[in-house]
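# Reading the structure
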Amino acid sequence: MCGIVGVVAQRNVTPILLEGLRRLEYRGYDSAGVAVLADDNHLQRVRAVGKVVELERTLEATPAVGCLGIAHTRWATHGKPAEHNAHPHVSDGLAIVHNGIIENHSPLRRKLTDLGYVFTSETDTEVVAHLMAWHYRQTPDLLTAFRNTLAELQGAYALAMVHEDEPQNLYCARMGSPLVIGEGSGESYIASDPLALLQVTDRFRYLDEGDHARLTVDGCTLWDRQHSPVERPVKRYQHAALSLDKGEYRHYMLKEIFEQPEAIGNTLSGILGDNHVLTAILGPDAESRLASVDNIHIVACGTSYHAGLVARYWIESQVGLPCQVEVASEYRYRTVAVPANTLLITLSQSGETADTLAALRFAKDQGYLATLAICNVAGSSLVREADWRLLTQAGPEIGVASTKAFTTQLVALLWLTSALLQVRGRAADQVAANVAALRQLPALIDQVLALEPAIAALAERFANKHHALFLGRGPHYPIAMEGALKLKEISYIHAEAYAAGELKHGPLALVDENMPVVSVAPSDSLLEKLKSNLEEVRARGGQLITFACETVEQPGADGDTIRLPQVDDIISPILYTIPLQLLSYHVALVKGTDVDKPRNLAKSVTVE
Ligand code: AGP
């Protein structure tokens, strides 16, 4: 989704802006642009459709050099991907970049058109540029004009602005879309994601909703939504451990799949005792408050939602607490019945997903006992706004297809299941078994990763396929859903997941020799039921591809079964995720798609 970078320095800022944009490429975008204030104080704007490399080529022909600049990668919402719609947008000596959506852009556009402004794009952002120019005409003070502009905007935004009249200053504001200020020595930066700036700083201030700021080479001045001066603490970025390079890997996605043993090890470190879980990680009053939880609601999107679905099986079967799981885009707009003593859990890799964040804000007024964010980004909005936070330590996830973020979420959720048991003083043996099983995971995942060549060979079968079914039962049904999501998002093959028992209620009609049917068949209490479902597929000529436990006798047709180690049932969903990730990755290679940046998708969905 859209990305913002801005720099004020005593050197040419264009290389820093471009490197920042390159680091944001993983988020998904369709065009890019920069605006840099030249030494003679005139704005140079350069934009290009396509990748950042296209912008670099354009800049070679039309250089933009100066000590103050802003840059943007755009993911089209209002107006098609085209140079005239790319940011920055300009008006009367100012340039603006924007993430988010200005919901009242239509009336503002009409008002500004009546005032004589001519629009050159279909974007909501150009409205902000002209509105800012108009306010600056009414007051000679740029800060006041900036505030008056913000006061008229409805919707979500992270904004950055530079003006020819103030060549030392970079203005920015945040409302509903993330924005950080980076501290350098003799230079200052802004970005929509700290990753964009890690080449120049690891020190960040995270803006609160309604904050706005003016940056100079000496630092920044910050104000809150009431225009009162505020301080936001400087925090060191915590993701230094797992690197941002692709290293020896062809794609980030593959690297991130192979990082899972380490990411899970990092996530577990500091939260497990020898045969118990350490609840103090949630804060001093966590034990007593967790003990009073009677119900759980989990809200998330996409892959994170699937993690919540697995957790429901764990929480209901081991702790006996009712657990409801819902996609955030639905939850946030309905009337929710919240029983007494309900804990709300939001799950998110990025912590900036607009629907999940809105769900958390909506939940604040619904009478929950407490809110907990399980998230991979320490300084994210979700983490800052929840009562409790549990950080997964997956490290930066660059591939749009979420992999290590998912399995580390599952690990965190199994830790939580164990914590809920432990604080009730129940089933110490079960807690100890969960802890032991969690500790085994990194080594077990290494064993499954070694199956990559066999899985890559299976992927060839999808070369001419357009559809696929994924089957699972119990907690492996959400794993089948996650497998189907992975396949569709990176290979563009239409894939659907079903609880295997549902097959005969409709989807069986789709099964013939052109339909690959991928199933997850661990050795658990539902295996015999699943085998019957697979027989139904086999009888109709469906192509069975089965991931089964090494101890299970022939669940699929000859040659189509990949064997996984036998493990404790509780961690089995985590283990069976890995081959499905590898299968999708290799099918995407066979199909020749853009694995790390699939079409139409964004890494962090910061608009509704
Ligand atoms: C996963 O592969 C997806 N790209 C997507 O479904 C993602 O999980 C979803 O957008 C939620 O993101 P979050 O975890 O950052 O909130």
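Looking up the protein in an unreviewed UniProt entry gives the name Glutamine--fructose-6-phosphate aminotransferase [isomerizing], with the organism given as Pseudomonas saudimassiliensis. Quoted straight from UniProt, the Function (unreviewed entry) entry for the protein says "Catalyzes the first step in hexosamine metabolism, converting fructose-6P into glucosamine-6P using glutamine as a nitrogen source." According to UniProt, the comment filed for the protein under the heading Subunit (unreviewed entry) is "Homodimer."

## Observations regarding the sheet that holds strand β15 (residues 295–300)
Strands sit in the order β16-β15-β17-β18-β19 across an open sheet of 5 strands; the sheet is parallel. The outermost strands of the open sheet, each flanked by one partner alone, are β16 (323–327) and β19 (388–391). The average undirected angle you get between the axes of adjacent strands in this sheet is 20°. In the sheet, strand β17 (residues 342–348) pairs with strand β18 (residues 370–375) via 6 bridges, with the strands oriented parallel. Note that in β18 the partner of leucine 343 across the bridge is alanine 370.

## Topic: the packing of aromatic side chains
Using the criterion set out here, one finds 4 aromatic pairs in the structure. Residues phenylalanine 204 and tyrosine 237 carry aromatic rings whose centres are separated by 6.1 Å and whose planes lie at 75° to one another, so their mutual orientation is edge-to-face. Highlighted residues: phenylalanine 204 in strand β11 (residues 203–206) and tyrosine 237 in the loop between β14 (234–236) and α6 (252–258), separated in sequence by 33 residues. You'll find phenylalanine 204 and tyrosine 237 in the same group, each marked buried. Positioned over the ring face of phenylalanine 119 is arginine 109, at 4.3 Å from the centre of the ring. In this arrangement the basic side chain of arginine 147 is found over the ring face of tryptophan 223, its NZ or CZ atom lying 4.9 Å from the centre.

## Points about the pairing of strand β3 (residues 43–49)
Buried residues dominate β3, accounting for 5 of its 7 residues. Examined bridge by bridge, strand β2 (residues 31–37) and β3 share 7 bridges and lie antiparallel to one another. Counterpart to alanine 35 in the pairing with β3 is arginine 45. In this antiparallel pair of consecutive strands, β2 and β3, the connection spans 5 residues, and asparagine 41 shows a positive phi of 65°.

## Here's the deal with the site of the ligand
What surrounds the ligand is a group of 15 residues, the closest being Ser304, Ser348, Gln349, Thr353 and Glu489. Contact between the ligand and glutamine 349: an oxygen atom at 2.7 Å from a main-chain N or O atom of the residue. Here the ligand, which alone exposes 410 Å², has 91% of that area covered by the protein. Residue assignment for the shell around the ligand shows that the elements contributing at least two residues are α9 (302–319) and α16 (476–491). Among the residues making up the shell around the ligand, the classes are represented as 5 nonpolar, 8 polar and 2 charged.

## Describing the side chain of threonine 267
Locating threonine 267 in the fold gives a position in helix α7 (residues 260–268). Residue threonine 267 is classed as buried on the basis of its relative accessible area of 3%. At 2.9 Å, the side chain of threonine 267 and the backbone nitrogen of glutamine 393 are in polar contact. Beyond its immediate chain neighbours, meaning those up to four positions away, threonine 267 contacts Leu391, Thr392, Gln393, Ala394, Thr408 and Val411.

## Things to note about the pairing of β2
Burial analysis of β2 places 7 of its 7 residues in the buried class, the great majority of the element. Burial along β2 is two-sided: Ser31, Gly33, Ala35 and Leu37 and Ala32, Val34 and Val36, pointing in opposite directions, are all buried. Pairing of β2 with strand β4 (residues 68–74) involves 7 bridges; the strand directions are antiparallel. If you follow serine 31 over to β4, its bridge partner there is arginine 74.

Conventions adopted
Residues numbered from 1 in each chain as written. Predicted model: local features only at pLDDT ≥ 70, side-chain atom pairs only at ≥ 80, totals over all residues. Heavy atoms only, no water. UniProt positions renumbered as here; feature names shortened; annotations may be inferred. Pairing = 2+ DSSP bridges. Helix = DSSP H or I, 4+ residues; strand = E, 2+ residues; numbered from the N terminus. Axes fitted to C-alpha atoms, helices over the stretch in contact; angles between N-to-C directions. Phe/Tyr/Trp six-rings, centres within 6.5 Å; stacked < 30°, edge-to-face > 60°. Buried < 20%, exposed > 50% of the residue type's maximum accessible area, 1.4 Å probe, protein only. Lys NZ or Arg CZ within 6 Å of the ring centre and 35° of its normal. Near = heavy atom within 4 Å. Polar contact = N/O pair within 3.5 Å; in protein donor to acceptor, adjacent residues only side chain to side chain. Areas by Shrake-Rupley, 256 points an atom, 1.4 Å probe, with all protein chains shown as cover. Nonpolar A, V, L, I, M, F, W, Y, C, P; charged D, E, K, R; others polar. Contact = heavy atoms within 4.5 Å.

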